[in-house]
Amino acid sequence: MSFHCIACIKAAALKAPAKGMKKNSDTAQMNPFDRIALALAVNVARSCGGMITALSMGPASCSFVIYEAMAMGADKGILLSDRRFADSDTLATSTALAAAIKRLAPFDLVVFGARTSDSDTGQVGPQTAVALDLPLVSGTFDFEWKNSFFLAHRKMDEFRETYEVTLPAAFTIHPSSITPPDIALENIETAWTKKIAFWSLEDLELRADQVGLEGSPTRVISQKMAARKRHCEFIEGSVEEQAEKFVRKIKEKGII
Amino acid sequence: MNTLLSEKHRAIRKAVRSFCDRELTPIAAAIDQEARFPWEAIEIMGKLGYFGIQAPTELGGAGLDSLSYVVAVEEVSRSSGAIGLTITVHNSVAVHPILSFGTEDQKNRWIPPLARGEKIGAFCLTEPNAGSDASAIEATAIRKNDCYITNANKVFVSNGGVADLCLIFARTDPGAGRKGISVIVAERGTRGYSVGEPEDLSGMRANPVCSIRLYDCRIPLENLLGKEGAGLQIALETLDTGRLGIAAQATGISQAALEASFRYARERQQFGTSIGSHQAVQGMLADMATMVDAARLLVYRAAILRDEGKPFSREAAMAKLYASEISTAVTDRAVQIHGGYGYSKAYAVERYYRDARVTRIYEGTSEIHRMVIAKGILEEYP
């Protein structure tokens, strides 16, 4: 079995956007959740002899994530880059990604990180699957190819599930699935000698009102780094009393 | 961020930092104290290409340019100066001269295992009576039938305790003075090859710096690197590259000290406020940051010149001189900012301070570098 796997990755912001701030390798990084999805895809492709396409959307200054994906093992990379994609919300992003994935057919697997480190919606993977009319297994932590059928192992809360999946299908990958391996220096050099493709709105055969701000039913009106409030409290009493009080407190807060 | 780095070079920095933060930083203090060479990390580094950074890919290397090399050495040294030393000695003064002066057969034989880190290289020039004056070496390699009968007492050999392959500078023609020195590659295991106990050094303690002694060691003629009598020329050319590595190493140690100082200055409270809000501490921090930046720019300039195939010898000397001098100044101030804690092994700056000191001594002392730089410039003003 030889797969074509498409890994969707995002250049996630490291800092809250300020006026005039450009998204580049200083201010953004490959979304750590997508890194895990890509690493799992690379493993599957290596064991089955498949190939991987890394797909992302963003300005040209974000092409570093595509190169990084190629250094991690992706065979080719495509960046959806067009001013008219700017300010897309998760729906408009899914519309653009789905159009690009259609153009990349035939494909077998489309993988997404479970969520992003800079917006945490977890919507893009499922929405793209819907737009493509693909079956979706969320929280996948491993794949298995058994002679004639494809298995996806899923992890959610206390449950482990195994799905038999008809390909092509989409998957969001559980953060605990795999530890992305270190990148060998030679692979960075090789990745940077490859060419990546830049696709515009026209390449995707979409209308301008389907993407960007116009195609986005939701919009972010402000974004800032959250100040993490910490509260320190001392619990008095013997060890047993302290343990009891502690358990009571976290129960009251709904933590357990 | 530095504008001289392309996205590729930034990716290299990121990849090396990510590896070192996870694998080296957590063990750096322990391997220093135990004076232990961390084979477990070294093996991974070998697989990731750290032992053949600039060696061609067809010989098992990573095939990177000099700028990538200095970026990688700086990052490794930011985590552990001693492992930075291992990497830079191996790449700059073992792999590099074999690539530059070796025959095809020698390259095919030695480079692949070196580039993968399966074998470790060392450079043996210094002797008890020959340090800055390399032409004073006493080691001999006398041709007899199919081998060189080699006798040498080499000291302060970085990587010496773990080296499989040593570049030995020895006199093949004892009557020919400077022109009688050659480079012979000695392999561990050869009869008469022995390794001394590791030196009990102040810093760089995870690197097994040892003496290497050769007693009537029969080394095959095909282990001669370059031509007979070309030893000093090989040494000078190799040291240009070596300086670049040491300059990057010193910069990495300084960077680590700088980051630790900024963190500490924000955390440490005195007089009801963080010490970073005191002007005296700010002055130190600003000077440290400026010095580290200036050193890095000098290192990058020399590396970029080398990548462009232009002369870089003086620039490498300046980078080495400046980066090593400021690394003792920067780590000294880092200790000062940390106060009593900085003088304690509980804080990493104490190690940075010890590690930084030797960068002014090895791979050419600061004094020799000043001589070389000044002589070169004076010759331009006849």
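Look a little higher up for the structure.
Note that this is a predicted model, so its numbers are computed, not measured. (Residues numbered from 1 in each chain as written. Chains lettered and ligands numbered in written order. Predicted model: local features only at pLDDT ≥ 70, side-chain atom pairs only at ≥ 80, totals over all residues. Heavy atoms only, no water.)

Trainee: Looking at this structure, I do not really get the overall build of chain B. What am I missing?
Mentor: Scanning chain B from terminus to terminus reveals 11 helices and 10 strands. When its C-alpha atoms are laid out on the principal axes, chain B stretches across 80 × 55 × 40 Å. In the form shown here, chain B has an accessible surface area of approximately 15,800 Å², with 53% of it arising from carbon and sulfur atoms. Positive and negative charge centroids in chain B, built from 43 and 44 side chains respectively, lie 1 Å apart. (Helix = DSSP H or I, 4+ residues; strand = E, 2+ residues; numbered from the N terminus. Areas by Shrake-Rupley, 256 points an atom, 1.4 Å probe, with all protein chains shown as cover. Lys, Arg positive; Asp, Glu negative; His and termini not counted. Charge placed at Lys NZ, Arg CZ, Asp CG, Glu CD.)

Trainee: I keep staring at the nonpolar core and nothing clicks. Help me out?
Mentor: As a rule of thumb, nonpolar side chains are buried together in soluble globular proteins. Counting residues in hydrophobic clusters, the biggest one holds 148 residues, and the most contacted among them are Phe-171 of chain A together with Met-45 and Tyr-50 of chain B. Element by element, the count of residues in this core is highest for helix H7 (residues 231-267) of chain B, at 16 residues. Sequence-distant contacts of Met-45 of chain B, defined by excluding residues within four places in its chain, comprise Phe-19, Leu-24, Tyr-50, Phe-51, Val-76, Ile-83 and Ile-87 of chain B. In this structure, Phe-85, Ala-98, Leu-104 and Leu-134 of chain A belong to the second largest nonpolar core, which totals 26 residues. (Core = buried A, V, L, I, M, F, W, Y, C linked by side-chain atoms within 4.5 Å. Buried < 20%, exposed > 50% of the residue type's maximum accessible area, 1.4 Å probe, protein only. Contact = heavy atoms within 4.5 Å.)

Trainee: Would you mind showing me how to read the pattern of salt bridges here?
Mentor: Opposite charge on two side chains permits pairing when their charged atoms draw close. Counting across every chain of the model gives 41 salt bridges over all chains. Put simply, Lys-14 of chain B and Glu-68 of chain A hold a salt bridge, and the shortest N to O gap is 3.5 Å. Of this pair, Lys-14 of chain B sits in helix H1 (residues 7-23) while Glu-68 of chain A is found in helix H2 (residues 63-72), placing the two residues in two different chains. Residue classification places Glu-68 of chain A among the buried residues on the basis of a relative accessible area of 7%. Salt-bridge contacts for Arg-354 of chain B lead to Asp-32 of chain B; the nearest nitrogen and oxygen are separated by 2.7 Å. With Arg-354 of chain B in helix H10 (residues 349-357) and Asp-32 of chain B in helix H2 (residues 25-34), the pair connects residues that are 322 residues apart, well separated along the chain. Under the relative-accessibility criterion, Asp-32 of chain B is labelled buried at 5%. The network of salt bridges with shared partners includes Arg-13, Arg-17, Asp-21, Glu-74, Glu-75, Arg-78, Glu-259, Asp-293 and Arg-296 of chain B. (Salt bridge = Lys/Arg side-chain N within 4 Å of Asp/Glu carboxyl O.)

Trainee: Hey, could you run me through unusual backbone geometry in this one?
Mentor: Peptide bonds are mostly trans, and most non-glycine residues show a negative phi. Here Ala-105 of chain A and Pro-106 of chain A are connected by a cis peptide whose omega angle stands at 0°. Among the structural elements, Pro-106 of chain A can be located in the loop between helix H3 (90-103) and strand S6 (109-113). Residues Leu-167 of chain A and Pro-168 of chain A are joined by a peptide bond in cis, for which omega reads 0°. Relative to the elements of secondary structure, Pro-168 of chain A occurs in the loop between strand S9 (159-165) and strand S10 (169-173). Here Asp-120 of chain A, not a glycine, exhibits a phi torsion of approximately 65°, which is positive. Structurally, Asp-120 of chain A can be placed in the loop between S6 and helix H4 (124-131). Backbone geometry places Asn-145 of chain B, a non-glycine residue, at a positive phi of 55°. Residue placement: Asn-145 of chain B occurs in the loop between strand S2 (140-144) and strand S3 (147-157).

Trainee: Explain the interface of chain B and chain A here, please?
Mentor: By a widely used convention, the size of an interface equals the accessible area lost when the partners come together. On the chain A side, the residues contacting the 22 residues of chain B number 12 residues. Approximately 1,600 Å² of surface area, both sides summed, lies buried where chain B meets chain A, with 58% of it carried by carbon and sulfur atoms. Summed over the shared surface of chain B and chain A, the result is four salt bridges. Of the charged contacts in the structure, one is a salt bridge between Arg-22 of chain B and Asp-182 of chain A, with a shortest N-O distance of 2.5 Å. Between chain B and chain A we count five residue pairs in polar contact (both at pLDDT 80 or more) in total. When contributions to the side of chain B that touches chain A are tallied by element, the ones reaching two or more residues are H1 and helix H3 (39-48) of chain B. When residues in the side of chain B that touches chain A are grouped by element, the largest group, 11 residues, is from H1 of chain B. Among the residues making up the side of chain B that touches chain A, the classes are represented as 11 nonpolar, five polar and six charged. (Buried area = accessible area lost by both parts, 1.4 Å probe. Polar contact = N/O pair within 3.5 Å; in protein donor to acceptor, adjacent residues only side chain to side chain. Nonpolar A, V, L, I, M, F, W, Y, C, P; charged D, E, K, R; others polar.)

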